[in-house]
Amino acid sequence: MIQTLHALHRFCLEQNARGEFELYQALALGMTWLTLQPETYGQFFNVPTQVTNHSTALLLSPTYQAVWAHSFQEGLELYADLETRRLSLFRPEHGRIYQNPNSYHQGEFLKYPFQNFFHEMTHILLTYDVYPRVLGTPEEERSWLTQIEASVSCLEEDVMAELVAVRSDLNIIDDGFGSTGSYPEYGEFRYAVITGQHETGLSRKALQHFRKRFIQLGENETYIPENPIKAEILANFQVTDAEIETILPHFAAYIANQQFHTTWGIESSARNRIPGFREVIELLPPDPYCLQKMKECLRPDSWPTPEALLSKNPLPELSLEQRNINRRRWRWRELLCRVAEMRGFLQTKALASEPLVQDELFDCAHEIAATVPLSLTEAQHDVKYPVMQRRIANTLHLLQDPADRDRLLELVDQPFTYVLDPR
């Protein structure tokens, strides 16, 4: 499939050089072919879903192609709860994003924006393993996590620039990356800069430096105390006074919203330091790939190409068998993270029955951690996984408080549940 997709990408660019009509002919051919490929949506969702403008992005954006291909191969998922409509839950360490569907439910299908798909998949692909870990001081962690968010958002602009390079009037640009709904000034200004239409000749690089710098400079509850990581970011991502004067009026509301990501880091840092939580997470070694990508976020010259972004072949040949193996690994890793939440929650409650339950849950965690790297067959997984779930549930039944017991039992098999902030 990948060779054909790559050929169709080249064909679209060649046809675009001939004219607008020829481009749309090429896109029609490519979209028709993509609708016939099961990998296009690739079981990314648990319910019928259409990713809006997905085919156009796959045909025209090399960065979008690369993130989609590796997300497929790695077994990543987005999960929507259509029945209870629970709030979205950000847990990249589970290998999936739990998405509240209220904004996207239209008729028989979810209509999920392609830029949201790209954003969430990128978080998991690049840095899934850093979110539950202790990364430094609490202040440093806030700067790290905020910088990761800013970097992923800037990658959206890289996709937009690739699309604009083909044609600046494509519908996909207005529908997706324009962001003219919530922050119209921000969307219109960003579009003008990326298409080279802004009167000052401001560069896209200046926009990205501004974003990464100013998201660190919140005030009051979004203020990040001074720390070495923040200092390095501010030193590496500089903008001139003239650039600030040009950008700030258009970005102010958007940046103020983005700065609230720093408060997520406060809760994350507190959770990750609970001993009962931390010792489960640390049963698995840190993923060096995620640490590498986290550190690359600090460099202004990182990720000029999809190859540099992923540090590997950007378009691997897809394998459904490998995807399914990885999906099973994710389910065990998810279960390990849920056991970590259980133990952290019990430790904060200091329940009388905690020691016995804590010890048994830790024994479960050891067995789960040993299973995560294995390439289990579907049959092996279908036998072992329910057994472990029952073992955990039986352990939780030892708890005396029925409310706490029921709440933790939900964690065993209910995707959207959590007991420790942040959500």
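Above this note sits the structure.
Conventions used here
Residues numbered from 1 in each chain as written. Predicted model: local features only at pLDDT ≥ 70, side-chain atom pairs only at ≥ 80, totals over all residues. Heavy atoms only, no water. Axes fitted to C-alpha atoms, helices over the stretch in contact; angles between N-to-C directions. Helix = DSSP H or I, 4+ residues; strand = E, 2+ residues; numbered from the N terminus. Parallel < 35°, antiparallel > 145°, perpendicular 65-115°, else oblique. Contact = heavy atoms within 4.5 Å. Buried < 20%, exposed > 50% of the residue type's maximum accessible area, 1.4 Å probe, protein only. Phe/Tyr/Trp six-rings, centres within 6.5 Å; stacked < 30°, edge-to-face > 60°. Lys NZ or Arg CZ within 6 Å of the ring centre and 35° of its normal. Polar contact = N/O pair within 3.5 Å; in protein donor to acceptor, adjacent residues only side chain to side chain. Core = buried A, V, L, I, M, F, W, Y, C linked by side-chain atoms within 4.5 Å.

J.: Which residues make up the packing of helix 8 (residues 184-194) against helix 9 (residues 204-214), and what are the values?
T.: Across the interface, helix 8 lies against helix 9 with an axial gap of 9 Å and an inter-helix angle of 140°. As judged from the angle between their axes, helix 8 and helix 9 are oblique. Taking contact as the criterion, the partners of Tyr 186, Phe 189, Arg 190, Val 193 and Ile 194 in helix 8 are, on helix 9, Arg 204, Leu 207 and Arg 211.

J.: Outline the environment of Asn 171, supporting the account with residue identities and numerical values.
T.: Residue placement: Asn 171 occurs in helix 7 (residues 171-177). Accessibility expressed as a relative area gives 56% for Asn 171, which makes it exposed. Asn 171 sits 115 residues away from Thr 56 along the chain, and the two C-alpha atoms are 9.7 Å apart.

J.: Run through the packing of aromatic side chains, naming residues and quoting values.
T.: Taken as a whole and assessed by the stated rule, the structure comprises 21 aromatic pairs. For the ring pair Phe 45 and Tyr 112, a centre distance of 5.5 Å and an interplane angle of 65° mean the geometry is edge-to-face. One end of the pair, Phe 45, is in the loop between helix 2 (20-35) and strand 1 (49-52); the other, Tyr 112, is in strand 5 (residues 109-113), and 67 residues separate them in sequence. By relative accessible area, which is 2% here, Tyr 112 ends up buried. An aromatic cluster of at least three residues, connected via ring pairs, comprises Phe 44, Phe 45, Tyr 64, Phe 72, Tyr 112, Phe 114, Phe 117 and Phe 118. The ring centre of Tyr 289 lies 4.6 Å from the NZ or CZ of Lys 312, which sits over that ring. In this arrangement the basic side chain of Arg 323 is found over the ring face of Phe 72, its NZ or CZ atom lying 5.2 Å from the centre.

J.: Please provide a residue-by-residue account of the environment of Arg 142, values included.
T.: Here Arg 142 is to be found in helix 6 (residues 138-166). Polar side-chain contacts of Arg 142 include one of 3.2 Å to the backbone oxygen of Thr 262.

J.: Can you lay out the nonpolar core for me, pointing to particular residues and giving the numbers?
T.: Judged by nonpolar contacts, the single largest core of 69 residues is most densely connected at Leu 59, Leu 60, Tyr 64, Trp 68, Phe 117, Met 121 and Ile 148. For this core, the leading source of residues is helix 6, giving eleven residues. With sequence-adjacent residues up to four places away left out, Met 121 is seen in contact with Phe 44, Val 67, Ser 71, Leu 76, Glu 77 and Leu 78. Counting 34 residues, the second largest nonpolar core, distinct from the first, contains Phe 277, Trp 332, Phe 345 and Leu 376.

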